Amino acid sequence: TTDTIDHRFGYWVKFLPETVISISGAGINIDTIPVRPRWNLIGSVNIPLPVSQVVQDPPGNSMTEFFGYDDGYFIADTILPGKAYWVKNMTAGTYILDATAPSIPAKAHLGVTAGDILSGLNKITLSAGEDQHRSPSATRGLFFGTDPAGIISAERFELPPVPPAGVFDVRFSSQSSVSLVPNHTDHDLEIPLLIQTSGTSVDLSWVMNAEDIRHYEIVGAVGS
């Protein structure tokens, strides 16, 4: 618990319905945020900042995308004021958020954009059933398939810690939103899904890559 809000970090807090919270203070456009190994929540500055503008020390310290939260996790391309973001790091270091620095060409902090990488995979979309609160964000996309070129790292898409009970969340058992299938294998493979929901049903749909000639089946586990 804390009685002081530090602008460098994000905080969990549970509110009663229709609660309004006001935070006063001077705007900050430049900030240096210390990070530790593994998962961190980082804060923001007073101006929207593309993730490509975040300077990492040491360079390339982040192991994953930056994840925002809106009734579930999503890959963020911009650090928005007043928001906090999850990111996993290899080692201790710092992130420099400087909204006054000259803009650089927009690209993901890990090189090739997430959209470019995921476009070649199959996608399964899971949505909360009608018996659960269904906001526009109560839909999750998972990606799977082969990687003949060997350019995809499933670890890059590892998801942050599972949100509180009752919040709709889906992921592979590897904790990633991406699961890669070996290019060549002589036996069947199982790719377990982990689903957290407050309802009793989940709606599924999928889009398959026409170049992926493998046969996939969705199988319900006993007791699911």
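To start, this report covers the structure provided alongside it. Within every chain, residues take consecutive numbers counted from 1 along the sequence as written. For a predicted model such as this one, the threshold for reporting local features is a pLDDT of at least 70, and the threshold for listing and counting side-chain atom pairs is 80 or more; totals across whole chains, interfaces and linings nevertheless cover every residue. The basis for every side-chain value is the complete set of heavy atoms in the structure, and neither hydrogens nor water enter the calculation.

What follows deals with the sheet that holds strand 4 (residues 55-57). Taken in spatial order, the 3 strands line up as 1-9-4 in an open sheet, and their pairing is antiparallel. Pairing within the sheet leaves two strands with one partner each, and these edge strands are strand 1 (30-35) and strand 4. Neighbour-to-neighbour, the strand axes of the sheet open up by a mean angle of 20°, direction not taken into account. Should DSSP find at least two bridges between two strands, the strands are regarded as paired. Only DSSP runs of H or I with at least four residues qualify as helices, and only runs of E with at least two residues qualify as strands; both kinds are numbered from the N terminus onward. All axes are obtained by fitting lines to C-alpha atoms, using only the stretch in contact for helices, and the reported angles, taken between N-to-C directions, cover 0 to 180 degrees.

Turning to the sheet that holds strand 13 (residues 178-180), a few remarks are in order. An order of 13-11-10-15 is seen for the 4 strands of this open sheet, with the pairing classed as mixed. If you trace the sheet from one side to the other, it starts and ends with strand 13 and strand 15 (202-207), each paired once. For this sheet, the mean inter-axis angle between neighbouring strands, taken without regard to orientation, is 20°.

On to a nonpolar patch on the surface. Each patch is built from residues lacking any salt bridge and having more than 30% relative accessible area; the joining distance is 9 Å for like charges and 5 Å for nonpolar side chains (Val, Leu, Ile, Met, Phe, Trp, Tyr). Under the convention used here, a 1.4 Å probe and the Shrake-Rupley method define accessible areas, while residue burial counts only the protein chains that appear. Just to be clear on terms, a salt bridge is a Lys or Arg side-chain nitrogen sitting within 4 Å of an Asp or Glu carboxyl oxygen. A contiguous nonpolar patch, built from Ile5, Tyr11, Val13, Phe15, Ile21 and Ile23 and spanning about 630 Å² of accessible area, is present on the exposed surface. Within the secondary structure, Ile5 sits in the segment before strand 1. The buried label goes to any residue with under 20% of its type's maximum accessible area, the exposed label to any with over 50%, and the partly exposed label to all in between, with areas taken from a 1.4 Å probe on protein chains only. Of the residues examined, Ile5 reaches a relative accessible area of 51% and is grouped as exposed.

Core analysis: the biggest nonpolar cluster contains 14 residues, and Ile42, Val54, Phe66, Ile79, Tyr85, Tyr95 and Leu97 have the highest contact counts within it. Of all elements in the fold, only strand 1, strand 8 (85-89) and strand 9 (93-98) reach the threshold of two or more residues within this core. Any two residues whose heavy atoms approach within 4.5 Å are treated as being in contact. When residues no more than four places from it in sequence are discounted, the contact partners of Tyr95 are Asp31, Thr32, Ile33, Val35, Ile42, Val54, Val55, Gln56, Ser62, Phe66, Val87 and Asn89. Throughout, nonpolar core names a set of buried Ala, Val, Leu, Ile, Met, Phe, Trp, Tyr and Cys residues whose side chains join them through atoms within 4.5 Å.

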